Amino acid sequence: MPVLQKSVFPLWGIWKIEESWEELLALSECPDAYLPFLNGSRSDSRKAEWLAVRMLLKELTGSETRIAYRAGGAPCLPDAPFHISISHTRGYAAVLLHPDHPAGIDIEYRSERIQKLKSRFLSEPELRLLGEHPGSTELLICWSAKETAFKMTGQHFADWQKDLHILACDFSRTHGLLTVKETLTPRSATCQIHYNIAPDFVLTRFP
């Protein structure tokens, strides 16, 4: 199985999607349960991403576990004692599980397009923090870290500039931490978000 990376605590992993959706479906012990979604989707890549998440969850937990969705769209596991966060990008899927509190994970395919978006999701203080000419990788990590922080809050909507704040970052290595504060909830929590840089993608997670 193409599990690219796996960690025990917190329990998380990355699946490199090299199979067709038909091949992924063949890995399932209960393929009929997935047919309603598959029959309703026209995109083969979307089907493969969707199934890869579920096969990765099976790899992490040892059994196929149903993923449901709350009203706001956040995933949950009605039949397992974990909080779950999921993400997928071109050719990869990621899942993170935590037994005690909401968690977040995000994976983003590396692209120069992020340079055109920086003023839409970074505030002026954040742009000053990053310096005059931040690289695309650094910008993508910031985007991904905000996505991870947003998932942790369980909210339905956020203004990336006003509600999610990068307070500190260090991009001197291929892995490290960012300090991110959310002002979406009464807690206004500040957290340390891990990042990893790979040749094709960046990944952020909490915890």
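Being a predicted model, the structure only gives us computed values, none of them experimental. (Residues numbered from 1 in each chain as written. Predicted model: local features only at pLDDT ≥ 70, side-chain atom pairs only at ≥ 80, totals over all residues. Heavy atoms only, no water.)

(A) The arrangement of the sheet that holds strand E5 (residues 83-89) in detail. Reading across from one edge, E1-E2-E6-E5 is the order of the 4 strands in this open sheet, with antiparallel pairing throughout. The two strands at the open ends of the sheet, each matched to only one other strand, are strand E1 (3-7) and E5. In this sheet, adjacent strand axes meet at a mean angle of 10° when their direction is disregarded. By the bridge criterion, 4 bridges tie E1 to strand E2 (residues 11-16) in an arrangement that is antiparallel. Paired with Gln 5 across the two strands is Ile 14, which belongs to E2. Across the sheet, helix H3 (residues 44-61) is in contact with E1, E2, E5 and strand E6 (92-98); its angle to E6 comes to roughly 40°. (Pairing = 2+ DSSP bridges. Helix = DSSP H or I, 4+ residues; strand = E, 2+ residues; numbered from the N terminus. Axes fitted to C-alpha atoms, helices over the stretch in contact; angles between N-to-C directions. Contact = heavy atoms within 4.5 Å.)

(B) Structural view of the sheet that holds strand E8 (residues 164-169). Sheet architecture is open: 5 strands sit in the order E7-E11-E10-E9-E8, paired in antiparallel fashion. Taken across any chain shown, the strands that pair with only one partner, and hence form the sheet edges, are strand E7 (104-109) and E8. For this sheet, the mean angle separating the axes of adjacent strands, direction not counted, is 25°. By the bridge criterion, 6 bridges tie E7 to strand E11 (residues 201-206) in an arrangement that is antiparallel. Each bridged residue has a counterpart across the sheet, and for Ile 105 the counterpart in E11 is Arg 205. Packed on one face of the sheet, helix H6 (residues 136-153) meets E7, E8, strand E9 (175-182), strand E10 (190-197) and E11 and runs near 150° to E7.

(C) How the structure looks around the packing of aromatic side chains. According to the stated counting rule, one finds 7 aromatic pairs in the structure shown. Seen in terms of ring centroids, Tyr 34 and Trp 50 are 5.6 Å apart; in terms of plane orientation they differ by 85°. Their pairing is edge-to-face. Of the two residues, Tyr 34 is situated in the loop between helix H1 (21-26) and helix H2 (35-40) and Trp 50 in helix H3; the sequence distance between them amounts to 16 residues. Just as Tyr 34 is buried, Trp 50 falls in that class too. In this structure an aromatic cluster arises from ring pairing among Phe 121, Trp 143, Phe 150 and Trp 160. In this structure, Arg 54 packs its charged tip against the face of Trp 50, placed 3.7 Å from the ring centre. Against the face of Tyr 109 rests Arg 90, its NZ or CZ located 3.9 Å from the ring centre. (Phe/Tyr/Trp six-rings, centres within 6.5 Å; stacked < 30°, edge-to-face > 60°. Buried < 20%, exposed > 50% of the residue type's maximum accessible area, 1.4 Å probe, protein only. Lys NZ or Arg CZ within 6 Å of the ring centre and 35° of its normal.)

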